[in-house]
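What follows is each chain in one-letter form.
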Amino acid sequence: MKFKITISNFTFLFLFITQITISQTTYYVDASRSDNSGNGITWGTAKKDLQIAINGATSGDVIWVKAGTYLPTHDPFGNATPANNWDKSFTLKNGVKIYGGFAGTETQLNQRNWKSNGTILSGDLGITNSLTDNAYHVVVSVNLNNTTNLDGFTITKGYATAPGGSTITYNTRVLERYHGGGIFNSYSGTNFTNCTITQNSADCTNTDNDAVGAGIINNICTSTYTNCTIDGNSFLVGGASFGVFGAGMEI
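Note that the structure is predicted; figures quoted are calculated from it, not measured.

Participant: What exactly am I supposed to notice about the overall build of the protein here?
Facilitator: Looking only at helices and strands, the protein has two helices and 22 strands in total. As displayed, the protein has an accessible area near 11,700 Å², and 55% of this comes from carbon and sulfur atoms.

Here's what the structure looks like:
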């Protein structure tokens, strides 16, 4: 009888694990699509905007992103037309793994070439190549665990520049608009892999506070950065605030 109970428990565990595996969904994103009307579950029905795919995903899901340039479309609260357009960002979701670097024909993750298929997350809102109307933070990662991944992206043109005290509170954490132009990472264990963080900036435009982490700010985090390049991030004004800390990364 004891032997039969053990087999029964094992069978239940196997079925439970199988159910979890089957429930995982892979979503596809392609900047060349005309809109987001596709269901996003094949390359042929891919979503146009990455944040739309993130919003529709749940923990355990995977998102594959085709080469191209993507702009944030929502603020961290899910608003497509926020009061301050510069609050738009790519806001990551707990347990969702996001991979860039696809040509748009792959059926297996190991078929992608993230080096050849450049996939750019850009804060270049408004006038193209004009920093002053760019997103404060390109990527926002708040209260996420280490099952969350961002892999194979260039993160660029965040413009974390605002007066001291200019903040939003998201998921109980305060996000200073003059910190973390590329990535604002707070109380998270998100894994960043094969990413380039470049040409982001930060500055406090008055004398009220410091500018911190032009490229990345990590605030009480356990994240890993694997095979990442952090280069060419800067404080554009600098002297207007008390100080500047961590042009590339602040921990």
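Participant: For this particular structure, what's the right way to read the sheet that holds strand β6 (residues 119-122)?
Facilitator: Two pairing modes exist for strands in a sheet, parallel and antiparallel, and in both the strands are linked by backbone hydrogen bonds. The five strands lie next to each other as β3-β6-β9-β15-β20, forming an open sheet whose pairing is parallel. The strands lining the two open edges of the sheet, one partner per strand, are β3 (68-70) and β20 (229-231). Neighbour-to-neighbour, the strand axes of the sheet open up by a mean angle of 15°, direction not taken into account.

Participant: I'm lost on the sheet that holds strand β22 (residues 249-250) in this one. Help?
Facilitator: Reading across from one edge, β4-β7-β13-β18-β22 is the order of the five strands in this open sheet, with parallel pairing throughout. The sheet is open, and its two edges are formed by β4 (90-91) and β22, each paired on a single side.

Participant: Can you walk me through the environment of Gln24 in this structure?
Facilitator: Mapped onto the fold, Gln24 is located in the loop between α1 (2-23) and β1 (26-29). Note on Gln24: relative accessible area 43%, which makes it partly exposed. As for Gln24 and Ala57, which are separated by 33 residues in sequence, their C-alpha atoms are 9.6 Å apart. Other than its neighbours up to four places away in sequence, Gln24 contacts Gly60, Asp61 and Val62.

Participant: What am I meant to see in the packing of aromatic side chains here?
Facilitator: Two aromatic rings, taken as a pair, are described by how far apart their centres are and by the angle between their planes. Enumeration over the complete set of coordinates arrives at eight aromatic pairs. Ring centres of Trp43 and Trp64 lie 6.5 Å apart, and the angle between their planes is 45°; this geometry places the pair in the tilted category. In this pair, Trp43 is assigned in the loop between β1 and α2 (50-56) and Trp64 in strand β2 (residues 62-66), connecting sequence segments 21 residues apart. Centroid distance Trp86 to Tyr136: 5.7 Å. Interplanar angle 75°. Geometry classified as edge-to-face. One end of the pair, Trp86, is in the loop between β3 and β4; the other, Tyr136, is in the loop between β6 and β7 (139-142), with 50 residues separating them in the sequence.

Participant: For this particular structure, what's the right way to read the pairing of strand β13 (residues 183-186)?
Facilitator: Regular strands place side chains that alternate from one sheet face to the opposite one. A two-sided burial pattern is seen for β13, the buried positions comprising Ile183 and Asn185 on one face and Phe184 and Ser186 on the other. Bridge count for β7 against β13 is four bridges, and the pairing is parallel. Among the inter-strand pairings, Ser141 is bridged to a residue of β13, identified as Asn185. Here β13 runs beside strand β18 (residues 216-219); their pairing, made up of four bridges, is parallel. Its bridge partner being in β18, Phe184 is matched across the sheet by Ile217.

Participant: Explanation requested: the side chain of His137 in the structure shown.
Facilitator: By secondary structure assignment, the location of His137 is in the loop between β6 and β7. Within polar-contact distance, the side chain of His137 engages the backbone oxygen of His179 at 3.0 Å. A polar contact of 3.0 Å, which involves the side chain of His137, links it to the backbone oxygen of Gly180. In contact with His137, other than residues within four places in its own chain, are Lys88, Ser89, Ala160, Leu175, Glu176, Arg177, His179, Gly180, Gly181, Gly182 and Phe184.

Participant: Any chance you could explain the nonpolar core here in plain terms?
Facilitator: The tendency in soluble globular proteins is for nonpolar side chains to be buried as a group. By size, the foremost hydrophobic cluster in this structure holds 25 residues, and its most contacted members are Leu50, Ile63, Ile98, Leu121, Val139, Leu150 and Ile155. Of all elements in the fold, only β1, α2 and β2 reach the threshold of two or more residues within this core. Looking at this core element by element, the count peaks at three residues for α2. Not counting chain neighbours up to four residues away, the residues in contact with Leu121 comprise Leu50, Tyr70, Phe90, Val138, Val139, Leu150, Phe153, Thr154, Ile155 and Thr156. Judged by nonpolar contacts, the second largest core, of eight residues, contains Val142, Tyr170, Leu175 and Val212.

Participant: How do you make sense of the pairing of strand β16 (residues 201-204) when you look at a structure like this?
Facilitator: Here β16 shows a buried face lined by Ser201 and Asp203 and a second buried face lined by Ala202 and Cys204. Bridge count for strand β10 (residues 159-162) against β16 is four bridges, and the pairing is parallel. Of the residues in β16, the one forming a bridge with Ala160 is Ala202.

Participant: Hey, could you run me through the pattern of salt bridges in this one?
Facilitator: Pairs can form between side chains of opposite charge once their charged atoms are near each other. Enumeration over the complete set of coordinates arrives at four salt bridges. Residue Arg177 is joined to Asp87 by a salt bridge in which the shortest nitrogen-to-oxygen separation is 2.7 Å. Here Arg177, found in the loop between β12 (173-176) and β13, pairs with Asp87, found in the loop between β3 and β4; they are 90 residues apart in sequence, far enough to count as distant. A salt bridge links Arg112 to Asp151; its shortest N-O distance comes to 2.7 Å.

Reading the values: the criteria
Counting starts from 1 at the beginning of each chain's written sequence and moves along it residue by residue. With the structure being a predicted model, the display of local features is reserved for residues of pLDDT at least 70 and the display and counting of side-chain atom pairs for 80 or more, all residues being used for whole-chain, interface and lining totals. Computation of side-chain values covers all heavy atoms of the structure but excludes hydrogens and water. Only DSSP runs of H or I reaching four residues or more are called helices, and only runs of E reaching two or more are called strands; each is numbered from the N terminus. The protein chains shown are the only cover counted for residues, whose accessible areas, like all others here, come from Shrake-Rupley with a 1.4 Å probe. A strand pair is defined by DSSP finding two or more bridges across the two strands. Only the contacting stretch of a helix is used when fitting its axis, a line to C-alpha atoms as for every element, and angles between N-to-C directions run 0 to 180 degrees. Between buried and exposed lies partly exposed: a residue is buried under 20% and exposed over 50% of the maximum accessible area for its type, with that area taken using a 1.4 Å probe on protein chains only. In what follows, a contact means two residues having at least one pair of non-hydrogen atoms within 4.5 Å. Any Phe, Tyr or Trp ring, taking Trp's six-membered ring, that has another such ring centre within 6.5 Å forms a pair; planes under 30 degrees apart are called stacked, those over 60 apart edge-to-face, and the others tilted. We define a polar contact as two N or O atoms separated by no more than 3.5 Å, with the added condition that, inside protein, one atom must be a possible hydrogen donor and the other a possible acceptor, whereas residues neighbouring each other in sequence contribute only through side-chain atom pairs. Among buried residues, the Ala, Val, Leu, Ile, Met, Phe, Trp, Tyr and Cys ones that are joined through side-chain atoms within 4.5 Å form a nonpolar core. Any Lys or Arg side-chain nitrogen found within 4 Å of a carboxyl oxygen on Asp or Glu counts as a salt bridge.

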